[in-house]
Amino acid sequence: QVQLVESGGGLVQAGGSLRLSCAASGDTLSRYTMAWFRQAPGKEREAVAAISWHSTTTYYDSSVKVRFVISRDNTKNTVYLQMNSLQPEDTAVYYCAADRNVAALRRRPGDYDYWGQGTQVTVSS
């Protein structure tokens, strides 16, 4: 079983950048497809980006494509989300998630097996 801990959230002005990190322990991260989800107040949790275990395949929601970059360092057991040109609509709690199914990049929260506790990202206008 893998444990996930997010960090790097905070308050930033519109147009700014943040880099989220997700540190894994308890298992080797290379066994998992990894993803970042976010959930804003009153909204459903949505997939922001996902990355295959070998980093060769990525997925981005259309709302963040070009602005966000997901990456992973399996040697450090860590996944990252670089967020640029942040906008107020990016405000949400961001969660890191691990999927034991490495055959595909899945987007539904129910497909993921392990979750971090979340980190708050607030973008002021």
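Residue numbering note: each chain is counted from 1, following its sequence as written. Restriction of local features to residues with pLDDT of at least 70 applies here, the model being predicted, together with a cutoff of 80 or more for giving and counting side-chain atom pairs; totals for whole chains, interfaces and linings are based on all residues. Each side-chain value is worked out from all heavy atoms of the structure, with water and hydrogens disregarded.

A. Structural view of the state of the cysteines. Here, two cysteine sulfur atoms that lie within 2.5 Å of each other are counted as a disulfide. Tallying each qualifying case throughout the model produces one disulfide. Two residues share a disulfide in this structure: Cys22 and Cys96, whose sulfurs sit 2.1 Å from each other. Where Cys22 bonds to Cys96 through sulfur, the torsion about that S-S bond is close to -75 degrees, and the disulfide is left-handed. Taken as a pair, Cys22 in strand S3 (residues 18–25) and Cys96 in strand S9 (residues 92–99) lie far apart in primary sequence, 74 residues in all. Side by side, Cys22 and Cys96 carry an identical accessibility label, which is buried. To qualify as a helix, a DSSP run of H or I must reach at least 4 residues; to qualify as a strand, a run of E must reach at least 2; elements of each kind are numbered from the N terminus. Each residue is assigned to one of three classes by its accessible area relative to the maximum for its type, calculated with a 1.4 Å probe on protein chains only: buried under 20%, partly exposed between the two thresholds, exposed over 50%.

B. Representation of the nonpolar core in the model. In plain words, nonpolar cores are sets of buried Ala, Val, Leu, Ile, Met, Phe, Trp, Tyr and Cys residues tied together by side-chain atoms within 4.5 Å. Among the nonpolar cores identified, the biggest contains 30 residues, and Leu4, Met34, Trp36, Leu81, Met83 and Tyr94 are the most heavily contacted of them. Breaking this core down by element, the ones donating at least two residues are S3, strand S4 (33–39), strand S5 (46–51), strand S7 (68–73), strand S8 (78–83), S9 and strand S11 (119–124). Membership of the second largest hydrophobic core comes to eight residues, among which are Ala50, Tyr59, Tyr95 and Tyr112.

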